[in-house]
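Below are the chains, spelled out letter by letter.
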Amino acid sequence: MKRKTTFYHITDSHLLSPDIWVEGGAIDRRERGDQIALKATPQILDAFIEKILADDEADAVLFTGDNVNEGDVQSHEAFRARLERLTAAGKRVFVTSATHDYCGAGDDENTFRACRYTKDGTEPIPFLRKGELFGFYYDYGPKQAIDVHRESGSYVVRLCDGVRLAMIGDNGNGRSHCGLFEDGMRWLQNALHEAREAGEYVLLAVHHPVLPPWEVFRHMADYELFGGYRELYEMMCAENVRVVFTGHTHLQSIRKYTDSAGRWFLDVSTIALANAAGKMRRVTADADSGVCTVRSVGIETLPGADAGGRSPFECLYGLNFPGILERLLPLGAHDFDAFLALADGFLPAEKLRSHKKAIRFACRRLERMKLSAAARLSATWKKLTPAQRKSAGRERLTDVVFEVLRHIYPGNAPYPPGTVEHTVFTGCAEKLDRFVRRFHIEALQKLVPPGSSFAEIVQDFLYNNRTGDDDAICFSLREADS
Ligand SMILES: [Fe+2]
Ligand SMILES: [Fe+2]
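Keep in mind that what you see is a predicted model, and the values were worked out from it rather than measured.

Rules used in this analysis
Numbering of residues begins from 1 in every chain and follows the order in which that chain's sequence is written. By the order in which they are written, chains take letters starting at A while ligands take numbers starting at 1. Residue-level local features of this predicted model are given only where pLDDT is at least 70; pairs of side-chain atoms are given and counted only at 80 or more, and the full residue set underlies all totals for whole chains, interfaces and linings. Here a strand pair is declared whenever DSSP counts at least two bridges between the two strands. The helix count covers DSSP runs of H or I at least four residues long, the strand count covers runs of E at least two residues long, and both are numbered beginning at the N terminus. Only the stretch in contact is used when a helix axis is fitted, and all axes are lines through C-alpha atoms; the angle between N-to-C directions ranges over 0 to 180 degrees. Note on contacts: each residue gets a C-beta atom placed from the backbone, and two residues are in contact if those atoms are within 7 Å. We define the nonpolar core as any set of buried residues of the types Ala, Val, Leu, Ile, Met, Phe, Trp, Tyr and Cys, connected via C-beta atoms lying within 7 Å of each other. Between the buried cut of 20 or more and the exposed cut of 12 or fewer other C-beta atoms within 10 Å of a residue's own C-beta lies the partly exposed class, and all C-beta atoms are placed from the backbone. Source of the domain bounds: an automatic or database domain assignment. Classification convention: Asp, Glu, Lys, Arg as charged; Ala, Val, Leu, Ile, Met, Phe, Trp, Tyr, Cys, Pro as nonpolar; all other residues, Gly among them, as polar. By definition here, a helix of n residues has an expected span of 1.5 Å times n minus one.

Draft legend 1. Highlighting the sheet that holds strand 7 (residues 154-160). One open sheet accounts for seven strands, arranged 6-7-8-9-10-12-11; its pairing is mixed. Taken across any chain shown, the strands that pair with only one partner, and hence form the sheet edges, are strand 6 (147-149) and strand 11 (253-258). Each neighbouring strand pair of the sheet contributes to a mean axis angle of 20°, computed without reference to strand direction. Bridging between strand 7 and strand 8 (residues 163-168) involves five bridges; their strand directions are antiparallel. What sits directly across from Tyr155, in strand 8, is Met167. Here helix 5 (residues 182-197) sits on the sheet in contact with strand 6, strand 7, strand 8 and strand 9 (201-206), set at roughly 175° to strand 8.

Draft legend 2. Geometry of the sheet that holds strand 1 (residues 4-10). Pairing is mixed across the open sheet formed by six strands, whose spatial order is 3-2-1-13-14-15. Bordering the open sheet on either side are strand 3 (92-96) and strand 15 (473-476), each of which pairs with just one other strand. Within this sheet the neighbouring strands show an average axis-to-axis angle of 20°, counted without direction. Pairing of strand 14 (residues 291-297) with strand 15, which is carried by four bridges, proceeds in the antiparallel orientation. Looking at strand 15, one finds that Cys292 is bridged to Phe475.

Draft legend 3. Quick look at the environment of Ala287. Position of Ala287 among the secondary structure elements: in the loop between strand 13 (280-286) and strand 14. Those residues in contact with Ala287 that lie beyond four places of it in its chain are Arg3, Lys4, Cys160, Asp161, Gly162, Val163 and Tyr201.

Draft legend 4. Spotlight on the nonpolar core. Phe48, Val61, Leu62, Leu204 and Ala205 are the most contacted members of the largest nonpolar core, which has 101 residues in total. Mapping this core onto the domain boundaries places at least three of its residues in each of domain 1 (4-304 + 468-476) and domain 2 (314-462). Residue contacts for Phe48: discarding those within four places in its chain leaves Ile10, Leu273, Met280 and Ile299. With 14 residues, the next largest nonpolar core counts Leu371, Leu397, Leu462 and Tyr463 among its residues.

Draft legend 5. Molecular detail of the pairing of strand 12 (residues 264-269). Burial within strand 12 is extensive, with five of its six residues counted as buried. Sheet analysis places strand 10 (residues 243-246) next to strand 12, joined by four bridges and oriented parallel. Paired with Thr246 across the two strands is Ser269, which belongs to strand 12. Where strand 11 meets strand 12, six bridges bridge the pair, whose relative direction is antiparallel. Residue Ile254 lies in a different strand from strand 12, and its bridge partner there is Val268. Hairpin remark: strand 11 followed by strand 12, antiparallel, with five residues in the connecting loop; positive phi at Gly262, about 85°.

Draft legend 6. Representation of the domain arrangement of the protein within the structure. By domain assignment, the protein separates into domain 1 (4-304 + 468-476) and domain 2 (314-462). Relative to domain 2, the C-alpha centre of domain 1 lies at a distance of 32 Å. Between domain 1 and domain 2, the contact holds 26 residues from the first and 18 residues from the second. Considering each element in turn, the side of domain 1 that touches domain 2 owes the most residues, four residues, to helix 1 (residues 25-32). Of the residues belonging to the side of domain 1 that touches domain 2, the class tally is 10 nonpolar, seven polar and nine charged.

Draft legend 7. Just helix 16 (residues 420-439), in detail. For helix 16, with 20 residues, the first-to-last C-alpha span of 29 Å sits near the 28 Å given by 1.5 Å per residue. Buried within helix 16 are the following residues: Val420, Glu421, Thr423, Val424, Phe425, Thr426 and Gly427. Phi for His440, located one or two positions after helix 16, is positive at around 50°.

Draft legend 8. Looking closely at the pairing of strand 1. Among the seven residues of strand 1, five are classified as buried, and the element is accordingly described as predominantly covered. Where strand 1 lies against strand 13, six bridges are found, and the strand directions are antiparallel. Across the sheet, Tyr8 pairs through a bridge with Arg282, a residue of strand 13. Of the pairings in the sheet, the one linking strand 1 to strand 2 (residues 60-64) comprises four bridges and is parallel in character. Bridge pairing links His9 to Leu62 in strand 2.

Next comes the structure, spelled out in structure tokens:
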């Protein structure tokens with residue numbers, strides 16, 4: 001076996017078989033209310049698979065859950081057929097599942113329901129239960145494993161000589177605890193320790209993030225993280241595990257954790273494949289040099305989809321949040337009927353109808369508003385240089401807001417400290433902090449973690465304050481290198 005491996009990591013492909021929907025209001029409303037391009041998921045997944053098949057260096061592909069969207073049997077079969085394509089081409093495939101891959105049976109908190117989308121509604125269809133997933137995907141992971149934790153569906157495989165991969169499943173309740181129970185954590189601890197004793201590196205992969213992609217996540221929604229993440233921090237640092245590949249939040253982010261003793265690891269969180277800006281990670285790990293390199297690969301075309309010469313992002317971004325917001329603003333200002341039609345399934349369109357005049361007025365004002373207005377409102381105008389004032393007088397406020405929104409999922413937002421946009425938006429957030437404190441507005445206070453502030457929270461959205469690049473990183477797996 002060679003001592004170097006190259007693999008791809010795909011997460012949150014949310015595949016929806018074309019056999020379970022027909023064009024109509026039901027599927028459109030479902031797609032608009034989501035954040036992924038549901039109808040195009042087969043074409044998106046196929047486009048990425050083509051890229052992997054064209055990469056002769058790639059040995060393996062990892063899929064870390066939410067592989068299908070609603071746990072229905074047809075989508076699982078469509079997904080497994082794609083795995084077969086990869087294995088037939090000589091790629092090893094390692095799969096774990098997550099909450100979208102099964103439907104609750106009333107014995108946990110998973111509320112997903114498999115359904116067929118008819119023209120006007122939905123009807124129930126057969127689905128997989130959590131306990132059936134291990135067998136259904138047995139050939140894609142557990143069969144090649146050197147160690148298996150049957151209860152959670154976790155397993156360890158050897159990627160090449162000197163590099164192991166632990167694919168962590170979860171035996172939580174499908175919502176408020178998605179992680180390993182005590183027995184699973186003990187199994188993982190032993191697996192990591194055994195690898196270290198054998199002088200082999202271990203990489204981890206799990207659906208739920210171990211570090212929150214944004215700091216505010218940790219406080220707002222603990223259940224969005226891997227259940228037992230604090231224990232995992234300890235374990236990874238103690239056993240010299242330098243990286244965990246995650247998904248679930250649909251955010252592209254690379255964050256580093258360092259403990260008080262200076263030991264560290266990275267959480268490489270990958271954007272949903274089914275996002276308009278979806279990407280997969282290409283990872284190379286060299287057992288001799290200990291160097292691990294991560295970069296990101298997107299798709300330039302979407303064969304089979306009606307892309308009309310546009311890029312996949314241009315074609316898909318307007319389908320759901322935040323792209324719909326960007327489309328709604330000009331419609332609210334100039335074409336109210338089209339505004340209502342687009343808002344259907346995304347905003348309460350009927351309620352909006354009664355506020356037509358106010359909405360049209362607000363949209364028209366917002367459309368014209370320049371960044372300089374926000375600078376004056378936040379009292380940051382005097383902090384700007386003459387050149388920055390000029391540019392703030394030209395730049396539309398909504399253009400900056402939409403640019404920030406466009407970077408929520410793919411990361412690497414473009415406004416670091418020193419830019420006029422950073423100064424103005426941080427100033428606005430500081431003003432909001434003062435306002436909330438002064439008037440004790442509980443609903444807003446609740447959004448801010450203890451010891452934090454809106455000014456601090458907004459930093460995650462304005463620029464990459466994490467490891468500098470959400471798309472790529474190169475680091476050492478060696479214990480001696482810090
Ligand atoms: Fe997901
Ligand atoms: Fe998820």
